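# Observations on the model geometry
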Amino acid sequence: VSFTYEPGERQHPRVTVRMRDRTGPPMELGLLGSHQAANAACVVACAEELRRAGLSVRDADVATGLAKVEWPARLEVLGRRPWVVLDCAHNVASIQAMIDTLNESFPPGRRLLILAVSSDKHVPGMLRQLAPQFQRFHLTRYAHSQRGVPPEQLAQWLKEIADVPFEIHQKAAEAWKSAKAQAGPNDQIVATGSVFLAGELRPLMAMRTSV
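In this section: helix H6 (residues 172-182). Residues spaced three or four apart along an α-helix point in a common direction, a consequence of the helix completing one turn every 3.6 residues. Burial in H6 covers these residues: Ala172, Ala175, Trp176, Ser178 and Ala179. Seen from one end, H6 has its buried residues packed into an arc of 165°, which puts them on one side. Of the exposed residues in H6, the ones pointing more than 90 degrees away from its buried face are Lys177 and Ala181.

To summarise the sheet geometry, strands pair through backbone hydrogen bonds and adopt either a parallel or an antiparallel arrangement. In space, the six strands of this open sheet follow the order S4-S5-S9-S6-S7-S8, with mixed pairing throughout. Looking at strand neighbours, the two that pair on one side only are strand S4 (76-79) and strand S8 (166-168), the edges of this open sheet. Neighbouring strand axes in the sheet, compared pairwise and without regard to direction, differ in orientation by 20° on average. Relative to strand S9 (residues 188-192), strand S5 (residues 83-86) runs parallel, the two being bridged by four bridges.

Under the counting rule described, the total for this entry stands at 12 salt bridges. For Arg51, the salt bridge identified is with Glu48, shortest N-O distance 2.2 Å. Of this pair, Arg51 and Glu48 both sit in helix H1 (residues 34-52), three residues apart, which is roughly one turn of that helix. Relative accessible area serves as the criterion here: at 24%, Arg51 is assigned to the partly exposed category. Two residues, Glu76 and Arg202, come together in a salt bridge whose shortest N-O distance is 2.5 Å. A residue pair is termed long-range when its members are at least 10 positions apart, and Glu76 in strand S4 and Arg202 in helix H7 (residues 195-206) qualify at 126 residues. The class for Arg202 is partly exposed, based on a relative accessible area of 31%. What you see here is one network of salt bridges that share partners, running through Arg22, Glu48, Arg51 and Asp59.

Attention shifts here to the environment of Met19. On the secondary structure map, Met19 appears in the loop between strand S2 (14-18) and strand S3 (27-28). Each C-alpha atom of the pair Met19 and Val1 lies 4.8 Å from the other, and the pair is 18 residues apart in sequence. With near-sequence residues (within four places) excluded, Met19 lies in contact with Val1, Gly24, Val44 and Glu48.

What follows covers the packing of aromatic side chains. Tallying each qualifying case throughout the model produces three aromatic pairs. Ring geometry for Trp83 versus Phe106: centroids 5.2 Å apart, planes at 90°, classification edge-to-face. Placement of Trp83 in strand S5 and of Phe106 in the loop between helix H3 (92-105) and strand S6 (111-115) is noted, with a sequence separation of 23 residues between them. A single burial state applies to Trp83 and to Phe106, both of which are buried.

The rules behind the values
Residues numbered from 1 in each chain as written. Predicted model: local features only at pLDDT ≥ 70, side-chain atom pairs only at ≥ 80, totals over all residues. Heavy atoms only, no water. Buried < 20%, exposed > 50% of the residue type's maximum accessible area, 1.4 Å probe, protein only. Helix = DSSP H or I, 4+ residues; strand = E, 2+ residues; numbered from the N terminus. Arc of directions from axis to C-beta. Pairing = 2+ DSSP bridges. Axes fitted to C-alpha atoms, helices over the stretch in contact; angles between N-to-C directions. Salt bridge = Lys/Arg side-chain N within 4 Å of Asp/Glu carboxyl O. Contact = heavy atoms within 4.5 Å. Phe/Tyr/Trp six-rings, centres within 6.5 Å; stacked < 30°, edge-to-face > 60°.

Fair warning: the whole summary comes from geometry, so function is off the table for now.
Spelled out as structure tokens, the structure:
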């Protein structure tokens with residue numbers, strides 16, 4: 001099984017899956033990123049195997065499922081002008097997938113990052129990936145776990161890696177408020193680094209009138 005991924009800035013991405021004996025129709029994806037196209041190809045392959053086993057699985061039903069799937073806090077777009085993107089990437093591999101998707105699926109613009117990370121992660125490696133991609137960092141911590149890296153430590157690691165402007169916030173809500181105040185209509189605000197951070201910020205980011 002192979003696939004072709006067509007990202008779109010103003011529309012849903014599309015995937016076309018090629019199998020051994022046929023090529024499926026182009027299908028819209030509800031989730032962003034070429035890594036999700038790879039996941040979609042696995043879904044199509046599974047449906048093909050189910051057909052070979054005698055079950056009835058229509059292409060239209062597979063396409064509907066791929067188009068309507070939702071994954072809160074996985075490259076979730078919560079606002080536009082500025083773009084507001086919430087992602088629960090929390091390791092080197094998922095951070096790279098997030099960066100690839102931002103470059104594929106969003107228009108050029110200044111990027112502001114809200115970041116909080118757990119202490120059991122390879123944080124310097126994550127920062128090396130993030131530093132070239134963002135023009136300002138809002139370093140913070142989440143409130144509901146003791147596993148978080150203090151933002152002062154994040155700042156120290158970041159300074160050792162790149163000369164990037166940053167702010168330190170003791171509360172995630174303060175980081176969101178600051179980033180929102182600084183962002184222009186064509187900018188991107190991205191929050192990532194931890195599932196804990198995503199859970200704390202999602203209600204605030206989904207409310208455009210929030211603090």
